[in-house]
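Read off the chains here:
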Amino acid sequence: VQLQASGGGLVKAGESLRLSCIAPRTITSVFWGHDMGWYRQAIGKQRELVAEITSSGSTNYSESVKGRFTISRDNSKKTVTLQMNVLRPDDTAVYYCSAKRGLDQSWGQGTLVTVSS
């Protein structure tokens, strides 16, 4: 699955950003069968799961973003979005979208989110 992420940028603490990820070359039925997720990697740290949404629509969030971030998917548009509210400086990272099905996992290019204090 080829993924294209967008929406990163520079914001101030407390502001919001919306990340989008699209799978333009994937047919809808294939996209629907994948669990989608957003990961992030800050400088000097390992990549970590931020939020995921399964093919059935169940969601899971890291403790650090619960209540602030919302993941959603639109299978008809083959997109997954991450609405990020009340951003904090420690949310600064490169964010990656992911599509997973079984043991196969695909990654999009990263999009940089920088939150200034």
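A.B. asks: Honestly, the nonpolar core in this entry has me stumped. Any pointers?
C.D. replies: Soluble globular proteins: nonpolar side chains tend toward being buried together. Ranked by size, the top nonpolar core spans 27 residues in total, and within it Trp-38, Val-50, Phe-69, Ile-71, Leu-82, Met-84 and Tyr-95 carry the most contacts. For this core, the elements supplying multiple residues, two or more each, are strand E3 (17-22), strand E4 (35-41), strand E5 (48-53), strand E7 (69-74), strand E8 (79-84), strand E9 (93-101) and strand E11 (111-116). Beyond its immediate stretch of four places on either side in the chain, Met-84 contacts Glu-15, Ser-16, Leu-17, Leu-19, Arg-68, Phe-69, Tyr-95 and Val-113.

A.B. asks: How do you make sense of the sheet that holds E7 when you look at a structure like this?
C.D. replies: Strand pairing in a sheet takes place through backbone hydrogen bonds and is either antiparallel or parallel in direction. Reading across the sheet, the four strands line up as E1-E3-E8-E7 and stay open at both edges, with antiparallel pairing between neighbours. The open sheet is flanked by strand E1 (4-6) and E7, the only strands paired with a single partner. Here the strands of the sheet are splayed against their neighbours by 15 degrees on average, with no regard to which way each runs. With three bridges joining them, E1 and E3 adopt antiparallel strand pairing. In the sheet register, Ala-5 faces E3, and the bridge partner there is Cys-21.

The rules behind each value
All chains use their own residue numbering, which begins from 1 and follows the written sequence. It should be noted that, the model being predicted, local features are given only for residues of pLDDT at least 70 and side-chain atom pairs only at 80 or more, the latter also being counted only at that level, while totals for whole chains, interfaces and linings use all residues. The basis for every side-chain value is the complete set of non-hydrogen atoms in the structure, without hydrogens or water. In this description, a nonpolar core means a group of buried Ala, Val, Leu, Ile, Met, Phe, Trp, Tyr and Cys residues linked to one another through side-chain atoms lying within 4.5 Å. Burial classes follow relative accessibility: with a 1.4 Å probe on protein chains only, a residue under 20% of its type's maximum area counts as buried, one over 50% as exposed, and anything between as partly exposed. Helix and strand labels come from DSSP, where a helix needs a run of H or I of at least four residues and a strand needs a run of E of at least two; each type is numbered from the N terminus. We call two residues in contact when some of their heavy atoms are within 4.5 Å. Here, strands pair whenever DSSP counts at least two bridges between them. Axis definition: a line fitted to C-alpha atoms, over the contacting stretch in the case of helices. Angles run 0 to 180 degrees between N-to-C directions.

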